[in-house]
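Remarks on the overall topology
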Amino acid sequence: MTDSSTPEAIKIDIWSDIACPWCYIGKRKLEFGIEEYASTEGSVPVEIEYHSFELSPDTPVDFDGDEIEFLSGHKGIPAEQASQMLERVTGIASSVGLDYDYDALKHTNTVKAHELMHYAKAHGLQLEMKERLLKAYFVEGRHVGRIEDLADLAAELGLDRADVVRSLESGENVDAVRADQRQAQELGIQGVPFFVFEGKYGVSGAQDPATFAQVLAQVAGERVEVGS
């Protein structure tokens, strides 16, 4: 029996990629926004679920080159412009407490990382796994495309390393990854991060914390109106 005095959590579904600088920035801004909202009178809990989205599914697992070479070679962005882009995003990341290290970053295919996210979700550690993968990729220069490296990261969170290897080698969560991607297509999501509140309000991009707090307050307010 549930306690009727405990309000139902506001659900936020988030489509994002591991190799997405704005997704990590957006994650932090959302967290700040949730903190801002939680400090208001009558706030309700928030529940978050991450969904898979691959920005560059054709990326090899072991890309030979740095991020500037990837952006110029695979995306057709001039090297000088790519360098300026990375400098800008590094500055914005720093403003929310993230220390991006593009010199150490190892560009890779992220499908196995997404499979690991689904594995972690089944074991109640999806949010922790998301943070660990993003930090490993953007801050620590760890490889997040190879099974053995991913298993090491999962083991840091207390997951069974051998079972993670088994799961990733078998591809048991590939269908779940593809289902997330199909849902993104159905919703018309073309870029990430993309946040869906209560299945009806979509917010695109790494918005300011105040924007997220405002949407949460609006959703909670509409619940009160419906219930009154």
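That block above? That's the structure.
Residues numbered from 1 in each chain as written. Predicted model: local features only at pLDDT ≥ 70, side-chain atom pairs only at ≥ 80, totals over all residues. Heavy atoms only, no water.

1. A look at the nonpolar core
Of all hydrophobic cores here, the largest spans 56 residues; its most connected members are I12, L30, L116, M129, L133 and F197. In this structure L133 touches I18, A113, L116, M117, V144, L150 and L153, once residues within four positions along its chain are discounted. Of all hydrophobic cores here, the second largest spans nine residues; its members include W15, C23, A184 and I189. (Core = buried A, V, L, I, M, F, W, Y, C linked by side-chain atoms within 4.5 Å. Buried < 20%, exposed > 50% of the residue type's maximum accessible area, 1.4 Å probe, protein only. Contact = heavy atoms within 4.5 Å.)

2. Section: the sheet that holds strand β2 (residues 46-52)
Ordered in space as β2-β1-β3-β4, the four strands form an open sheet in which the pairing is mixed. With partners counted over all chains shown, the strands left at the sheet margins are β2 and β4 (201-204), one partner each. Across the sheet, the axes of successive neighbouring strands diverge by a mean angle of 20°, strand direction being ignored. With four bridges joining them, strand β3 (residues 194-197) and β4 adopt antiparallel strand pairing. Each residue of the ladder has a partner; that of V196, found in β4, is G202. Its contacts with the sheet place helix α1 (residues 21-38) against β1 (10-16), β2 and β3, and it is angled at close to 165° to β1. (Pairing = 2+ DSSP bridges. Helix = DSSP H or I, 4+ residues; strand = E, 2+ residues; numbered from the N terminus. Axes fitted to C-alpha atoms, helices over the stretch in contact; angles between N-to-C directions.)

3. Quick notes on helix α6 (residues 147-156)
All of the buried residues along α6 are L150, A151, L153 and A154. An end-on view of α6 places all buried positions within 160° of arc, on one side of the element. One or two residues past the end of α6 sits G158, with phi positive at roughly 95°. (Arc of directions from axis to C-beta.)

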